[in-house]
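# Summary of the model geometry
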Amino acid sequence: MATTISINGEKHTIDADGDTPLLWVLRDILGMTGTKFGCGMALCGACTVHIDGTATRSCVTSLDSIGSSEITTIEAIGSTAAGAKIQKAWLDQEVVQCGYCQSGQIMSAAALLASNPHPTDADIDDAMSGNICRCGTYVRIREAIKQAAQSS
């Protein structure tokens, strides 16, 4: 069944079952591979995108549930104010090691700063919980979020 969705400001008509996870629409149908598959159960955060500005796990979000919402992926997050600050801070703090989880980490951090430009440590912990980093760069992730918040 054909469904039209808005991703990164562009309309895409998708021919897929309504229960198809958004993650597979992005990766397999549209070829947007920045959003990663991690666990498939919304536990690791690697698949995080924004739906109407809210950090959302795309592996458990069905195509039918999107409706007229605007989806933002890692490919476009740098064009938002919060996303650009986060990406700069990520580079400044040398957050990335293997890099696999980083698109989800950046998407969660950008959603946090968009809704709360000056988060406390508790706010950061809450927003980033559920984003797993096998390399353990959590300290640098926190410092990058704080740097991005200070640049506001």
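Quick note: structure is the one above.
Quick notes on the rules
- Residues numbered from 1 in each chain as written.
- Predicted model: local features only at pLDDT ≥ 70, side-chain atom pairs only at ≥ 80, totals over all residues.
- Heavy atoms only, no water.
- Salt bridge = Lys/Arg side-chain N within 4 Å of Asp/Glu carboxyl O.
- Helix = DSSP H or I, 4+ residues; strand = E, 2+ residues; numbered from the N terminus.
- Buried < 20%, exposed > 50% of the residue type's maximum accessible area, 1.4 Å probe, protein only.
- Pairing = 2+ DSSP bridges.
- Axes fitted to C-alpha atoms, helices over the stretch in contact; angles between N-to-C directions.
- Contact = heavy atoms within 4.5 Å.
- Polar contact = N/O pair within 3.5 Å; in protein donor to acceptor, adjacent residues only side chain to side chain.
- 1 Å grid on protein atoms, 1.4 Å probe; cavity = no way out; pocket = protein on both sides within 12 Å on 5 of 7 lines; lining within 4 Å.
- Points joined across faces, edges and corners; volume = space filled by probe spheres on them.
- Nonpolar A, V, L, I, M, F, W, Y, C, P; charged D, E, K, R; others polar.
- Parallel < 35°, antiparallel > 145°, perpendicular 65-115°, else oblique.
- Left-handed = near helix turned anticlockwise from the far one by under 90°.

## Here's the deal with the pattern of salt bridges
As enumerated under the stated definition, the model contains 4 salt bridges in all. Aspartate 92 is the partner of lysine 88 in a salt bridge, and the nearest nitrogen-oxygen pair spans 2.6 Å. Of this pair, lysine 88 and aspartate 92 both sit in helix 2 (residues 81-92), 4 residues apart, roughly one helical turn. The exposed category is assigned to lysine 88, whose relative accessible area is 51%. Exposure remark for aspartate 92: the relative accessible area of 40% places this residue in the partly exposed category. Put simply, lysine 146 and aspartate 121 hold a salt bridge, and the shortest N to O gap is 3.1 Å. Linking lysine 146 in helix 5 (residues 138-150) with aspartate 121 in helix 4 (residues 121-128), this pair joins segments that are 25 residues apart in sequence. Each of Asp121, Asp125, Arg142 and Lys146 takes part in salt bridges that share partners, so that together they form one network.

## Overview of the sheet that holds strand 4 (residues 54-57)
In a beta sheet, neighbouring strands pair by backbone hydrogen bonds and run either parallel or antiparallel. As summarised here, the arrangement of the 5 strands in space is 2-1-5-3-4, forming an open sheet in which the pairing is mixed. The open sheet is flanked by strand 2 (10-15) and strand 4, the only strands paired with a single partner. Averaged over neighbouring strand pairs, the angle between their axes works out to 40° when direction is ignored. With 6 bridges joining them, strand 1 (residues 2-7) and strand 2 adopt antiparallel strand pairing. Bridge pairing links isoleucine 5 to histidine 12 in strand 2. Relative to strand 3 (residues 48-51), helix 3 (residues 102-115) is tilted by about 35°, and along the sheet it contacts strand 3, strand 4 and strand 5 (70-72).

## Topic: the side chain of serine 103
With respect to the secondary-structure elements, serine 103 resides in helix 3. Polar contacts involving the side chain of serine 103 include one to the main-chain carbonyl oxygen of glycine 34, which spans 2.9 Å. Here serine 103 is in contact with Gly34, Thr35, Lys36, Ala46 and Ile74, once residues within four sequence places are set aside.

## A few points about the layout of surface pockets
When its volume is computed, the largest pocket comes out at roughly 230 Å³. Its residues assigned to classes, the lining of the largest pocket comprises 8 nonpolar, 6 polar and 1 charged.

## As for helix 1 (residues 22-29)
Taken residue by residue, helix 1 has Leu22, Leu23, Val25 and Leu26 as its buried positions. Looking at the packing, one finds that the buried side of helix 1 touches strand 1, strand 2, strand 3 and strand 5. Downstream of helix 1 by a residue or two, glycine 31 has a phi angle that is positive, lying close to 70°.

## Some details on the pairing of strand 1
The hairpin formed by strand 1 and strand 2 contains 2 residues between the paired strands, and asparagine 8 there has a positive phi angle of roughly 55°. In the sheet, strand 1 pairs with strand 5 via 2 bridges, with the strands oriented parallel. Of the residues in strand 5, the one forming a bridge with isoleucine 7 is isoleucine 71.

## Topic: the packing of helix 2 against helix 5
Their axes nearest at 8 Å, the elements helix 2 and helix 5 cross at an angle of 130°. The orientation of helix 2 relative to helix 5 falls into the category oblique. The two elements helix 2 and helix 5 cross, and the hand of that crossing is right-handed. Between helix 2, through Lys85, Ile86, Lys88, Ala89, Trp90 and Asp92, and helix 5, the contact on the second element is made entirely by Ile141, Ala144, Ile145, Gln147 and Ala148. Partitioned by chemical class, the residues of the contact of helix 2 with helix 5 number 7 nonpolar, 1 polar and 3 charged.

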